[in-house]
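Below are the chains, spelled out letter by letter.
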Amino acid sequence: MAKTSAVAADRWRARRTPRRAASRLIDRWTVVDGVDVFYRESPNPPEGARVMMHVHGFGMSGRYLLPTAELLADEFHTFVPDLPGFGRSGRHPQGLDIPDLAEAAARFLDDRGVEKATLVGNSMGCPVILEFADRFPDRIERAVLVSPAGGAFNRPLRRAIGQLAQDGTREPPRMARVAVPDYARFGVPSTLKLFRALTQYPSLQRLLELQLPTLVVLGDRDPLMPGPARVQEVAGQVDNHVLAVTIEGAAHAINFSHARALAHLIRRFMDDLSILDDPTWTGGARVVEIHRGVHHPAAKDD
């Protein structure tokens with residue numbers, strides 16, 4: 001019976017594995033707490049490289065994170081999982097909320113033998129990282145929070161739907177080829193349940209309480225986020241470890257639309273270098289530092 005179940009699982013995974021690789025990262029499968037988990041990994045990470053895991057947003061798979069992850073995969077041991085219930089991974093019987101997803105992320109790292117990692121999230125992935133840091137502070141090296149959605153700014157649901165619709169007009173058209181199948185696969189019941197959990201999560205409070213170097217990246221055209229001026233005002237009210245940066249012209253899915261600029265920022269953040277535009281990108285988006293918390297490491301020159 002066990003052999004028959006294993007064969008059936010292998011066939012299921014084969015059907016769910018992309019026919020063509022979406023990037024040069026390697027497509028892999030594992031099983032975490034009885035759930036099949038699909039993920040992508042650096043093909044040849046340098047020996048001793050720091051581990052970096054990319055955490056996707058609401059209703060999405062990790063596929064739209066690949067443009068940024070791929071640019072960093074030669075410098076960091078990179079993982080891009082589809083968390084349980086998302087993308088190609090199997091569903092958890094009870095469904096998952098933000099704390100559950102943080103636990104799932106930790107269990108995935110356990111499965112991969114990773115003790116500590118830098119976590120890079122987009123949208124809902126940011127509250128998941130904040131919860132991970134609160135529950136497992138010894139297992140996170142640094143946090144990169146890109147367009148950290150959630151909280152009162154996205155309530156009620158009709159407001160969030162309007163924000164998403166507006167954002168859709170500001171993202172690259174090719175983003176729809178990724179987002180539409182992912183949202184359809186995620187389903188309406190899961191959307192309603194997780195939306196409530198996401199918008200009730202105390203993201204801002206947890207962010208300002210973080211005790212580790214944290215990079216927050218915002219797009220100045222993101223309708224799901226307060227404007228940079230408001231973020232700067234709030235972040236400046238308390239001492240914190242946050243470095244906040246805007247990318248001009250970017251909307252919400254920065255990991256997809258502005259991968260080169262974001263990867264450049266992450267590299268500099270990881271080495272505590274000053275925030276500068278990528279000098280090799282003549283047509284690139286301008287990056288602007290808007291807040292550096294008193295406890296954030298001081299910037300070094302190259």
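Here the structure is shown first, and the text comes after it.
Residue positions are given per chain, counted from 1 along the sequence in the order it is written. At least 70 in pLDDT is required for a residue's local features to be given in this predicted model, at least 80 for side-chain atom pairs to be given and counted, and no such filter applies to totals for whole chains, interfaces and linings, which use all residues. Side-chain figures throughout are based on the complete set of non-hydrogen atoms in the structure, without hydrogens or water.

*Asks:* Can you explain the overall build of the protein chain? Please cite residues and give values.
*Replies:* Per the convention used, a helix needs a DSSP run of H or I reaching at least four residues, while a strand needs a run of E reaching at least two, with both numbered from the N terminus. In terms of regular secondary structure, the protein chain is built from eleven helices and nine strands. In this treatment the radius of gyration is a C-alpha quantity, and the globule benchmark scales as 2.2 Å times the residue count to the 0.38 power. Over its C-alpha trace the protein chain gives a radius of gyration of 18 Å, about what one expects of a compact globule, namely 19 Å for 302 residues. Principal axes of the C-alpha set define a box for the protein chain whose edges measure 60 × 50 × 40 Å. When burial is assessed residue by residue, the protein chain has 54% of its 302 residues classed as buried. Contact between two residues is taken to exist if any of their heavy atoms lie within 4.5 Å; hydrogens are not considered. In the protein chain, of all internal contacts separated by at least 6 residues, the share reaching a separation of at least 24 is 76%. Exposed residues in this analysis have more than 50% of their type's maximum accessible area, buried residues have under 20%, and partly exposed residues fall in between, with area computed by a 1.4 Å probe over protein chains only.

*Asks:* I'd like a description of the packing of aromatic side chains, backed by residues and values.
*Replies:* Only the six-membered ring of Trp is used, alongside the rings of Phe and Tyr, when aromatic pairs are assigned; centres must lie within 6.5 Å, and planes under 30 degrees apart are stacked while those over 60 apart are edge-to-face, with the rest tilted. Summed over all chains, the structure comprises seven aromatic pairs. Between Tyr39 and Phe79, the ring centres sit 6.2 Å apart and the planes meet at 45 degrees, which makes this aromatic pair tilted. With Tyr39 in strand β2 (residues 35-41) and Phe79 in strand β4 (residues 77-81), this residue pair connects regions lying 40 residues apart in the sequence. Ring pairs connect the aromatic residues Tyr39, Phe79 and Phe108, which therefore count as one cluster. Any Lys NZ or Arg CZ found within 6 Å of a ring centre and within 35 degrees of that ring's normal is scored as a charge over the ring. The ring of Phe269 has Arg142 sitting right over it, with the charged end atom 5.0 Å from the ring centre. The aromatic ring of Phe153 is capped on one face by Arg159, whose charged end is 4.7 Å from the ring centroid.

*Asks:* Help me get a handle on the pairing of strand β7 (residues 214-219), residues and values and all.
*Replies:* Among the six residues that make up β7, six are buried, leaving the element largely enclosed by the rest of the structure. Because side chains alternate across β7, one face comprises the buried residues Thr214, Val216 and Leu218, and the other comprises Leu215, Val217 and Gly219, equally buried. Two strands are counted as paired when DSSP detects at least two bridges linking them. Sheet topology note: the strand β6 (residues 140-146)/β7 ladder contains four bridges and is parallel. In the sheet register, Ala143 faces β7, and the bridge partner there is Thr214. Of the pairings in the sheet, the one linking β7 to strand β8 (residues 242-247) comprises six bridges and is parallel in character. Within the sheet, the bridge partner assigned to Leu218 lies in β8 and is Thr246. A clockwise path from the first strand over the helix to the second, with the strands pointing away from the viewer, defines a right-handed crossover. Regarding the hand of the β-α-β motif, the stretch spanning β7, helix α9 (residues 228-235) and β8 is right-handed.

*Asks:* Pulling in residues and values, what's your account of the sheet that holds strand β1 (residues 26-32)?
*Replies:* Taken in spatial order, the nine strands make up an open sheet running β1-β2-β4-β3-β5-β6-β7-β8-β9, and their pairing is mixed. Strand pairing shows two members of the sheet lacking a second neighbour, β1 and β9 (287-292), which therefore form its edges. Recorded for the sheet is a direction-independent mean angle of 25 degrees between the axes of neighbouring strands. Together, β7, β8 and β9 form the strand contacts of α9, whose direction differs from that of β9 by roughly 25 degrees. Axis definition: a line fitted to C-alpha atoms, over the contacting stretch in the case of helices. Angles run 0 to 180 degrees between N-to-C directions.

*Asks:* Account for the packing of helix α3 (residues 98-111) against helix α4 (residues 125-135), with residues named and values stated.
*Replies:* At a closest axis distance of 8 Å, the pairing of α3 and α4 adopts a crossing angle of 70 degrees. What the angle tells us is that α3 and α4 run roughly perpendicular. Residues Ile98, Pro99, Leu101, Ala102, Glu103, Ala105, Ala106 and Leu109 of α3 form the contact with α4, whose own contacting residues are Pro127, Val128, Glu131, Phe132 and Arg135. Any residue outside Ala, Val, Leu, Ile, Met, Phe, Trp, Tyr, Cys, Pro, Asp, Glu, Lys and Arg is labelled polar, Gly included; the first ten of those are nonpolar and the last four are charged. A breakdown of the residues in the contact of α3 with α4 according to their chemical character gives ten nonpolar, no polar and three charged. Each angle is binned into one of four classes, with values under 35 degrees roughly parallel, values over 145 roughly antiparallel, values of 65 to 115 roughly perpendicular, and all other values oblique.

*Asks:* Could you give me a rundown of the nonpolar core, with the residues and numbers involved?
*Replies:* In this description, a nonpolar core means a group of buried Ala, Val, Leu, Ile, Met, Phe, Trp, Tyr and Cys residues linked to one another through side-chain atoms lying within 4.5 Å. With 48 residues, the main nonpolar core has Met53, Leu101, Met124, Phe132, Ile140, Leu145 and Leu194 as its most contacted residues. Take this core: its biggest share by element is seven residues, from α3. Each residue touching Phe132, except ones within four places of it in the same chain, is listed here: Ala102, Ala105, Ala106, Leu109, Leu119, Pro137, Arg139 and Ile140. Core analysis: the second largest hydrophobic core is formed by 23 residues, Leu72, Val146, Ala261 and Leu262 among them.

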